[in-house]
Amino acid sequence: MLKEATPHITRVRALDQLHRGDEIEARLSVGPSYDDVIIRRGSVQETAPGIGVVWIMDHHTGMRKAINTDECSVWRVA
């Protein structure tokens, strides 16, 4: 029986670390006693490090979405 591989997840601290096609999650901190909540997941389409925004193709909706890094943290899923 094969064991399913778990993804390796690392926090992205600078948007210039991202490239088109990278799989990422956007997470929102909901409080000091709770884990971060995943609000978006998708593949990187474009980044704008100067303004702290990354655009993804959202896996859930199939639509292009903007993620503002002032509001949430970004995590690479590999």
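Every chain is numbered independently, its residues counted from 1 as its sequence is written. In keeping with the model being predicted, local features are shown solely for residues with a pLDDT of at least 70 and side-chain atom pairs are shown and tallied solely at 80 or more, while totals for entire chains, interfaces and linings include all residues. Excluded from the side-chain calculations are hydrogens and water; all other atoms, namely the structure's heavy atoms, are used.

Some points on the overall build of the protein chain
For clarity, the cut-off: Strands here are runs of E lasting at least two residues and helices are runs of H or I lasting at least four, both read from the DSSP assignment and numbered beginning at the N terminus. Think of it in three bands: residues with accessible area under 20% of the maximum for their type are buried, residues over 50% are exposed, and the middle band is partly exposed, with areas taken using a 1.4 Å probe on protein chains only. What sets the accessible areas is the Shrake-Rupley method with a 1.4 Å probe; for residues, cover comes only from the shown protein chains. When charges are tallied, Lys and Arg are placed among the positive residues and Asp and Glu among the negative ones, while His and the ends of the chain are skipped. Taken as the charge location is NZ of Lys, CZ of Arg, CG of Asp or CD of Glu.
When helices and strands are counted, the protein chain shows 0 helices and 6 strands. Its helices and strands in sequence order give the protein chain the pattern β-β-β-β-β-β, from N to C terminus. With the C-alpha coordinates aligned to their principal axes, the bounding extent of the protein chain is approximately 45 × 35 × 25 Å. Counting all 78 residues of the protein chain, 32% fall into the buried class. Carbon and sulfur atoms make up 51% of the accessible area of the protein chain, which amounts to about 5600 Å² in all. Where the 10 positive side-chain charges of the protein chain centre and where its 11 negative ones centre are 2 Å apart.

Considering the sheet that holds strand E5 (residues 64–68)
As a reminder of what qualifies: When DSSP finds two or more bridges between a pair of strands, those strands are recorded as paired. Axis lines are fitted to C-alpha atoms, over the contacting stretch for helices. Their N-to-C directions set the angle, which ranges from 0 to 180 degrees.
One open sheet accounts for 6 strands, arranged E1-E6-E2-E3-E4-E5; its pairing is antiparallel. Where the open sheet ends on each side, the last strands, each with one partner, are strand E1 (9–12) and E5. With direction set aside, neighbouring strand axes in the sheet form an average angle of 45 degrees. The sheet contact formed by strand E2 (residues 23–28) and strand E6 (residues 73–77) spans 4 bridges and is antiparallel. Bridge assignment links Glu25 to a residue of E6, and that residue is Trp75.

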